[in-house]
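A structural walkthrough
Listed below, chain by chain, are the residues.
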Amino acid sequence: MELRDYLNQNLLLFDGGMGTYFAERNHSVGSGCELANLSQPELIADIHREYLEAGCRAIKTNTFAVNRVSFQGNEELVEKTIAAGWKLATEAAATYDAFVFADIGTISGLPDSMDIREEYRYVADCFLKQGAKYFLLETNANADGLKETAAYIRNKVPDAYIIATFAIQPDGFSRDGSFAANLLEEMKGCAAVDAIGFNCVCGARHMLELVQGLDHSDVTLALMPNAGYPVVIDNRSFYEGDPGYFAAQLKEMADEGAVILGGCCGTTPAHIAQAAAALIGQTRSQPRIRQKPLVEAADTLPDSLFWEKLRKGKKVVAVELDPPADVNLTKFMNGAWMLKGAGVDIITIADCPIARARMDSSLLACKIRRELNLDALPHMTCRDRNLNATKALLMGLYAEGVRNLLLVTGDPIPTAERDEVKSVYQFNSRKLAAFVSGLGQTALPTPFHLFGALNVNALNFDVQLRLAKEKLEKGMIGFLTQPVLTPEAFENLKRARKELDGYILGGIIPVISARNARFMDSEINGIRVDDRVTQLYEGKNRAEAEDLAVEISAEIARQIAPYVDGYYLMTPFQRTGLICRILEQMQQDVLQ
């Protein structure tokens with residue numbers, strides 16, 4: 001029977017978690033199972049048969065992580081492993097009249113030089129050579145390359161059946177911040193994809209609750225949850241979820257309208273056997289349509305006065321104060337009070353600049369908001385925190401009345417290792433923007449106002465503009481630029497004003513000495529100082545240099561005024577008094 005004919009009358013039950021069950025059968029720790037297609041074919045075939053005997057009607061090839069990235073470019077090994085996996089699955093399925101799906105897992109760790117669409121097409125071609133007709137594109141964190149891959153397969157095999165599933169956490173987002181509802185909506189527009197759904201990460205109950213909060217009324221829904229959540233003993237992960245409980249949740253998923261069901265990590269033949277028994281006689285159900293309740297406001301705090309001023313077209317002023325490196329807040333808070341008195345609209349606070357630990361920018365933002373009744377713009381980097389920690393922090397910031405954020409990727413952490421830096425990033429600023437924007441639609445009464453960084457000193461400003469446009473698409477509304485201290489930076493700022501549909505706060509940093517100018521130009525990433533500026537400071541004492549800093553900064557403010565919506569001043573060495581002098585001059589020139 002053809003798969004589509006079967007699905008017209010029946011639910012389709014898949015097998016369970018090959019990787020975790022292989023580890024259980026093979027008594028192995030942390031090793032992938034895909035190469036066992038070549039080294040232990042009898043064991044892989046036996047596992048396929050166990051799931052089929054348990055009652056599933058579809059099995060996946062043992063090829064989840066088989067691709068050129070995982071196999072370090074060894075195409076011969078990729079093709080041999082896929083061919084062996086296909087042979088083992090099809091031979092096992094033939095005895096049970098079951099369907100075989102070519103299993104293509106998410107391709108992660110892709111170098112910048114590689115195109116994910118080409119990698120997916122390459123793996124698809126390997127399966128097409130074997131005669132594959134049914135495909136499962138599984139455990140994805142986003143939709144990158146999936147629609148193009150599905151269309152490619154459909155063009156090669158017009159009657160192919162293609163399922164795309166995403167790994168979504170119980171809170172409704174993937175590991176890189178994509179929201180389930182957005183992914184579902186995006187994939188609905190791809191005619192080449194026959195079924196859409198979710199797998200892995202969630203236990204069965206949480207996956208059921210996730211689906212109940214989504215509109216899937218016009219989707220052929222595929223759901224393959226984990227067998228609960230793992231415990232780790234002696235570096236091994238164990239799933240202790242009860243098979244009967246798992247089966248009961250799958251039955252409820254079928255009642256919700258799921259058509260394709262199965263298991264992921266931790267699900268054994270015992271889980272599938274219980275599921276098969278629970279689904280006997282089950283027919284396709286009409287999806288239940290639920291209206292998601294609106295998030296109610298948790299307080300009556302006013303929205304951002306900074307934002308209100310900005311959107312009304314008035315020039316705003318943001319001033320950056322570095323957080324203290326110890327627990328003494330006196331100088332920081334005194335500076336904040338001085339800036340408020342000088343008419344600053346918002347204080348920005350860096351998030352551990354240059355990857356050195358300082359007092360937390362978000363906590364300081366809350367303190368400023370509460371004690372000074374002044375808007376604060378905490379910088380939030382992608383370094384050091386995952387999405388769960390980010391969401392928890394954002395909810396706390398919202399409750400404290402903080403409504404504005406500057407999202408940046410952040411500086412890497414230097415190490416003494418040969419590779420020089422340690423990677424501690426789960427996402428970049430664009431993905432973080434999409435995630436925070438999604439929270440504004442799902443978990444918060446109103447969205448945050450999101451800003452990004454724009455490096456007008458970049459050697460290749462075309463790249464900066466491209467990234468800025470991507471940031472705007474992901475939910476940012478404007479940018480704070482690096483300081484304008486060269487003619488090239490000024491020209492780039494003018495170009496940004498012309499090409500970007502977002503607010504721009506032009507960066508100004510007062511140079512306080514010739515030595516300071518040379519240091520910033522040589523050692524601070526993103527800052528360039530014109531040699532003519534440096535020469536003006538030669539031989540100046542502190543008082544003379546400070547007077548010059550006021551003069552130059554005010555002139556820069558006048559020069560960039562036609563091209564910016566406001567100003568972003570950076571405080572050198574906590575010299576808040578210097579910033580107040582500059583602001584006084586700006587009040588006369590550009591802030592009237």
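What comes next concerns the included structure. A quick note: this is a predicted structure, and the numbers were derived from the prediction, not measured.

**Here we look at unusual backbone geometry**
Peptide bonds are, in most cases, trans, and in most cases residues other than glycine have a negative phi. Non-glycine residue Asp 97 carries a positive phi angle of around 50°. Structurally, Asp 97 is set in the loop between helix 5 (75-96) and strand 3 (99-105). We classify Asp 97 as exposed; its relative accessible area is 51%. At Asn 373, a position not held by glycine, the phi torsion is positive, near 50°.

**What to know about the sheet that holds strand 14 (residues 404-408)**
Strand order in the closed barrel formed by eight strands is 11-12-13-14-17-18-19-20, with parallel pairing between adjacent strands. Here the strands of the sheet are splayed against their neighbours by 25° on average, with no regard to which way each runs. Bridging between strand 17 (residues 449-454) and strand 18 (residues 478-483) involves four bridges; their strand directions are parallel. Bridging across to strand 18, Ala 453 finds its partner in Leu 480.

**Observations regarding the packing of helix 9 (residues 204-212) against helix 10 (residues 243-255)**
Where helix 9 meets helix 10, the closest approach of the two axes is 9 Å, and the angle between their N-to-C directions is 10°. For the element pair helix 9 / helix 10, the angle class is roughly parallel. For the pair helix 9 and helix 10, the sense of crossing is left-handed. Counted together, Ala 204, Arg 205, Met 207 and Leu 208 of helix 9 and Tyr 245, Phe 246, Gln 249, Glu 252 and Met 253 of helix 10 form the full contact between these two elements. Among the residues forming the contact of helix 9 with helix 10, the class breakdown is six nonpolar, one polar and two charged.

**Looking at the pairing of strand 3**
Among the seven residues that make up strand 3, seven are buried, leaving the element largely enclosed by the rest of the structure. Burial of strand 3 is two-sided: the residues Phe 99, Phe 101, Asp 103 and Gly 105 facing one way and the residues Val 100, Ala 102 and Ile 104 facing the other way are all buried. Judged from the three bridges that link them, strand 2 (residues 58-60) and strand 3 form a sheet pairing that is parallel. Across the sheet, the residue bridging to Ile 59 is Val 100, located in strand 3. After leaving strand 2, the chain enters helix 5 and then returns to the sheet as strand 3, a path that is right-handed. Both strand 3 and strand 4 (residues 134-140) contribute to a ladder of four bridges, which runs parallel. Residue Ala 102 lies in a different strand from strand 4, and its bridge partner there is Phe 135. With helix 6 (residues 116-130) bridging strand 3 and the parallel strand 4, this β-α-β connection has right-handed handedness.

Thresholds applied
- Residues numbered from 1 in each chain as written.
- Predicted model: local features only at pLDDT ≥ 70, side-chain atom pairs only at ≥ 80, totals over all residues.
- Heavy atoms only, no water.
- Helix = DSSP H or I, 4+ residues; strand = E, 2+ residues; numbered from the N terminus.
- Buried < 20%, exposed > 50% of the residue type's maximum accessible area, 1.4 Å probe, protein only.
- Pairing = 2+ DSSP bridges.
- Axes fitted to C-alpha atoms, helices over the stretch in contact; angles between N-to-C directions.
- Parallel < 35°, antiparallel > 145°, perpendicular 65-115°, else oblique.
- Left-handed = near helix turned anticlockwise from the far one by under 90°.
- Contact = heavy atoms within 4.5 Å.
- Nonpolar A, V, L, I, M, F, W, Y, C, P; charged D, E, K, R; others polar.
- Right-handed = clockwise from strand over helix to strand, strands pointing away.

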